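# Structural description and commentary
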Amino acid sequence: MAEDKVEDVHMKDAEEVNSSITEAENLVKEIEQSFTLLGKAATSFDNRYISKVFRDLGPLRRKLVQNETVLPTVIKGLYPHQHSSRMYLLQLVGEEEGGDNVNKQSDDEMDVDKSIIPEVELYVHLLVQVYLLDKEKLTELNQLSDIVINLMKSFNKRSLDFIQAKVWFYVCRVKELLGDLQSVRAALLYGLRTATLRHDIETTASIITLLLRNYLLSHDISQASNLVEKVEFPENAGNALVARYYYYLARINAIQLDYSTAHECVIAAIRKAPQTHLSNGFVQAATKLNIVIELLMGDIPELKTFKNKSGNFEPYFYVTKAVKLGDLNLFSEALKKYESAFKKDDNFTLVSRLRQNVIKTGIRIISLSYSRISLKDICIKLHLDSEESTEYIVSKAIRDGVIEATINHQKGYMQSNELLDVYSTKLPQSEFDQRIKFCLALHNESVKSMRYPNDNDKENINKEVEPSEEIELLKAIEEGDLDDFMD
């Protein structure tokens, strides 16, 4: 019985080894098929082949982490022994050169004429980047980033547009994880100039978003704003890059106190985001930013916004509740309790600005509740510092049009004006103006989304409508007018 158990264990181990070998061989074949598609893209200048390769990149990268022998096998099979990229790529993936020196000389003679197209070479570097990132080998990935930047400078092909956009993303990602944001800016600006001159749409859009993210992470808002003013974002870029660009625009405008523009940009970012589970994190971050911007504009978000189970919207719910009630104590408690969450979302500065909105809401509620109230009572109700600061805040609220009231400075009280007709205020005008802007924006978006057939399509339609000569010939035969038709 013991011998049977030992044999079963050996059989299971052998089956596992065989399955792993077959899986590795299948992965190698899959990568080689990607090389074939990249070759077709290089010869036909059709980016659909590259898009097909990138659709399979997600499942492929998860399999590469589990099979560490795949990438060394692909690199050895692709590069000749004397190739400059072979040695450092094998070292980065943890494979030493050796083990195949028996026929090395003959292989060198066979591989002298073997040429590797730039699309395939850059795609292999991309696979190594993804592999090192998933393995959390950031030092090796940082070394590869400097090499791959110089490699991209040596290429000049339009078919590399999509691949270079991906490579630049992982170059910036490792710099961000290492906290080295400054060193990559010069290379990014050089790459942006080159991609713009070559009209590489995807690479240009990717580098612009990466530069904006770099500036925002280092809090260089003025440089980010200057970049937005100087460059023109490509119109035909992918939806994911467009959504990311609008999100960064919303953050820049919100920091610069332009809340209306920021609100339009963040709404566009949410609408442009891909409707897949992979974009859930981005949609949550954009929604949180949208909540803060709406509060800063004086609006209260709808309750259904906070019922998203996949995101942690509890801190923003309590802040919204404090702003709605005008309770300064509740706002201070929420800000102190969820400070780490706000800083993690990079919204702490914007949320801190809501203190003035909480005070304004409290003053508005008090002005509606009391026709006359002393400044001392307002100070106690709103938990302000002193009566002098309360007088200043109330006077500013009156000047901004938040409340309709007057202040008696001698006796120290606030007198609310009796509102007899709402149409005597500016409220209907602002509401009407907001609805007109919404209708005009909806009309412009509808016009942009309309598609018209090309001239070639119209000619084809006319050709299809006109009867062909064969149909006319058949009708002539049936009617017996063949002679007239031949004439």
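The name an unreviewed UniProt entry assigns to the protein is RPN3, from the organism [Candida] subhashii. Checking UniProt for the protein, the heading Sequence similarities (unreviewed entry) contains the comment "Belongs to the proteasome subunit S3 family."

### Focus on the overall build of the protein
Secondary structure summary: the protein contains 26 helices and three strands in total. Looking at the protein as a whole, 38% of its 487 residues qualify as buried. Of the contacts formed within the protein by residues at least 6 apart in sequence, a portion of 64% connects residues at least 24 apart. When the accessible surface of the protein is summed, it comes to about 29,900 Å², and 51% of that surface belongs to carbon and sulfur atoms.

### Here's the deal with the sheet that holds strand 2 (residues 405-408)
An order of 1-3-2 is seen for the three strands of this open sheet, with the pairing classed as antiparallel. Either end of the sheet is taken by a strand with one partner, and the two such strands are strand 1 (372-374) and strand 2. Neighbour-to-neighbour, the strand axes of this sheet turn through a mean angle of 20 degrees, independent of strand direction. Bridge count between strand 2 and strand 3 (residues 413-416): four bridges; the pairing is antiparallel. Across the sheet, Ala405 pairs through a bridge with Ser416, a residue of strand 3. Sitting on the sheet, helix 22 (residues 387-399) is in contact with strand 2 and strand 3, with an inclination near 150 degrees to strand 2.

### As for the nonpolar core
Counting 122 residues, the largest nonpolar core has Phe35, Tyr123, Trp168 and Val319 as its most contacted members. Take this core: its biggest share by element is eleven residues, from helix 7 (residues 118-134).

### Side note on the pairing of strand 3
On a regular strand, one side chain projects to one face of the sheet and the next to the other, so that they alternate. In this structure, strand 1 lies alongside strand 3, joined through three bridges in antiparallel fashion. Within the sheet, the bridge partner assigned to Ile373 lies in strand 3 and is Met414. Counting the residues that bridge the hairpin from strand 2 to strand 3 gives four residues, and of these Gly412 lies at a positive phi of roughly 75 degrees.

### Examining the packing of helix 7 against helix 8 (residues 138-154)
The N-to-C vectors of helix 7 and helix 8 enclose an angle of 160 degrees; their axes lie 9 Å apart at closest approach. Taken as axis vectors, helix 7 and helix 8 run roughly antiparallel relative to one another. As for the relative orientation of helix 7 and helix 8, their crossing is left-handed in sense. For the pair helix 7 and helix 8, the contacting residues are Glu121, Leu122, His125, Val128, Gln129, Leu132 and Leu133 in the first and Leu138, Glu140, Leu141, Leu144, Ser145, Val148, Leu151 and Met152 in the second.

What counts as what
- Residues numbered from 1 in each chain as written.
- Predicted model: local features only at pLDDT ≥ 70, side-chain atom pairs only at ≥ 80, totals over all residues.
- Heavy atoms only, no water.
- UniProt positions renumbered as here; feature names shortened; annotations may be inferred.
- Helix = DSSP H or I, 4+ residues; strand = E, 2+ residues; numbered from the N terminus.
- Buried < 20%, exposed > 50% of the residue type's maximum accessible area, 1.4 Å probe, protein only.
- Contact = heavy atoms within 4.5 Å.
- Areas by Shrake-Rupley, 256 points an atom, 1.4 Å probe, with all protein chains shown as cover.
- Pairing = 2+ DSSP bridges.
- Axes fitted to C-alpha atoms, helices over the stretch in contact; angles between N-to-C directions.
- Core = buried A, V, L, I, M, F, W, Y, C linked by side-chain atoms within 4.5 Å.
- Parallel < 35°, antiparallel > 145°, perpendicular 65-115°, else oblique.
- Left-handed = near helix turned anticlockwise from the far one by under 90°.

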